[in-house]
Amino acid sequence: MTVTRSLGWLPIGLGLIIGTTIPGYLAISPSSVDAADLQTIKRRGRLVVAVKDNLPPLGFRDPAGRLQGFEIDLARQIAMELLGNPDALELKPALNQDRLNAVLAGDVDVAIAHVTLTPSRLRIVNFSSPYYRDGAAIATPYASLQSLADLAGKPIAVLDRSSTVEALRRALPSAILIPVQSYEDAKIAVETGRAIAVAADASILVGWVRQLPTYRLLTPLLSRQELAIVLPKGRQHEELRQEINQILTRLLTSGWLQQRANYWGLPRNLSF
């Protein structure tokens, strides 16, 4: 697949918010935000990154158990740019509900784990410039469903409390939302007839279509959204954020991001 150049870059730089509690996340305190700053990472000689290991083509394990995917490639390239070695890297697979917590608790330096940049998340963590423009989409195995209009009033499985929920409500207000706790649960909901389609980010559903050829993506997309690297808040982490932004700019202008997105078959017209 080809990928067109349309990535938007966002200037982000908010100060530390103390004592904030967001449902589903840790409360922030000065002691909880202790991930390494840039100079500490360089002295350590290793970048610690939260990633996904179950979301092809972004992050997944190959048959030999090795982590692969677009975001894994990006983590390795950032380690190369920061530390001169793509293997100067410790990858820590994280569940969706643990991605931000891992950064807040200092268990990882950053998260490159399919995290959408949203205003609510900006209240508790910082973000790099976006590295990929994603969007909420719908996949279905039913040939009778040809467009979004065919889904009016129909049951659609969607990950509970995900950003896709709001996009689905805006685009298809009459749809019946079937909340699920995982993408495997969404697949089961369709197979058992509780839902006739699945709503999720297009970057995830393209992996479904590869693995489950009876499924196909419907157009148009429900929304557009940015994936970005998660960092801790605080002035001590600003140097790392700026360095990562400079790396992302180089990877964009050199064509590296586009090439890797093409390699992993990420959806057309979403990235760059």
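As the structure is a computational prediction, the values presented were derived from the model and not from experiment.

Procedures and definitions
Residues numbered from 1 in each chain as written. Predicted model: local features only at pLDDT ≥ 70, side-chain atom pairs only at ≥ 80, totals over all residues. Heavy atoms only, no water. Helix = DSSP H or I, 4+ residues; strand = E, 2+ residues; numbered from the N terminus. Buried < 20%, exposed > 50% of the residue type's maximum accessible area, 1.4 Å probe, protein only. Contact = heavy atoms within 4.5 Å. Areas by Shrake-Rupley, 256 points an atom, 1.4 Å probe, with all protein chains shown as cover. Pairing = 2+ DSSP bridges. Arc of directions from axis to C-beta. Core = buried A, V, L, I, M, F, W, Y, C linked by side-chain atoms within 4.5 Å.

> Describe in detail the overall build of the chain, supporting the description with residues and values.
A tally of helices and strands in the chain yields 9 helices and 13 strands. Out of the 272 residues belonging to the chain, those deemed buried represent 54%. Taking all contacts inside the chain whose residues are at least 6 apart in sequence as the whole, residues at least 24 apart take part in 75%. Just so you have it, the chain exposes about 11800 Å², and 52% of that area is on carbon and sulfur atoms.

> Break down the environment of alanine 197 for me, citing the residues and quoting the values.
By secondary structure assignment, the location of alanine 197 is in strand 11 (residues 197–201). Between the C-alpha atoms of alanine 197 and isoleucine 138, which are 59 residues apart in sequence, the distance is 6.6 Å. If sequence neighbours within four positions are ignored, alanine 197 has contacts with Ile138, Ala139, Thr140, Leu151, Pro155, Ile156, Ala157 and Val190.

> I'd like to hear about the sheet that holds strand 3 (residues 59–61), residue by residue, with values.
Pairing is antiparallel in the open sheet, where 3 strands are placed in the order 2-3-4. Where the open sheet ends on each side, the last strands, each with one partner, are strand 2 (54–55) and strand 4 (67–68). Sheet topology places strand 2 next to strand 3; 2 bridges connect them, and they run antiparallel. Looking at the pairing, asparagine 54 lines up with phenylalanine 60 of strand 3.

> Explain the pairing of strand 1 (residues 47–51) to me, using residue names and the numbers behind them.
Most of strand 1 sits out of view: 5 of its 5 residues are buried. Here strand 1 shows two buried faces, one formed by Leu47, Val49 and Val51 and the other by Val48 and Ala50. In this sheet, strand 5 (residues 89–93) lies alongside strand 1 in parallel orientation, the contact comprising 5 bridges. Following the sheet pairing, valine 49 is matched in strand 5 by leucine 91. Examined bridge by bridge, strand 1 and strand 6 (residues 110–111) share 2 bridges and lie parallel to one another. Paired with alanine 50 across the strands is alanine 111, a residue of strand 6.

> Any chance you could break down helix 6 (residues 183–191) for me, citing the residues and the numbers?
Residues Tyr183, Ala186, Lys187, Ala189 and Val190 constitute the buried set of helix 6. One side of helix 6 holds all its buried residues, which, seen down the axis, span an arc of 160 degrees. At its buried positions, helix 6 is contacted by strand 2, strand 9 (155–159), strand 10 (176–180), strand 11 and helix 7 (202–211). Just downstream of helix 6 lies glycine 193, where phi reads positive at about 85 degrees.

> Give me the lowdown on the pairing of strand 7 (residues 126–134), citing residues and values where you can.
Among the 9 residues in strand 7, 9 count as buried, and that is most of the element. Where strand 7 lies against strand 13 (residues 225–231), 6 bridges are found, and the strand directions are antiparallel. Paired with aspartate 134 across the two strands is glutamine 225, which belongs to strand 13.

> Residue-level account of the nonpolar core, with values.
Phe70, Leu74, Ile78, Ile112, Tyr131 and Ile229 are the most contacted members of the largest nonpolar core, which totals 35 residues. Top element by residues in this core is helix 2 (residues 70–83). It accounts for 7 residues. Not counting residues up to four positions away in its chain, the partners in contact with isoleucine 78 are Leu47, Ile112, Ile229, Ile244 and Ile247. Residues Ile178, Val190, Ala200 and Tyr215 belong to the second largest nonpolar core, which totals 19 residues.

> Mind laying out unusual backbone geometry, listing which residues take part and the relevant values?
Residues proline 56 and proline 57 are joined by a peptide bond in cis, for which omega reads 5 degrees. Within the fold, proline 57 resides in the loop between strand 2 and strand 3. Here the phi dihedral of histidine 114 falls at roughly 55 degrees; this positive angle occurs in a residue that is not glycine. Relative to the elements of secondary structure, histidine 114 occurs in the loop between strand 6 and helix 4 (119–122). Take histidine 114: its relative accessible area is 6%, and that puts it in the buried class. Positive phi is not limited to glycine here, since arginine 161 has a value of about 65 degrees.

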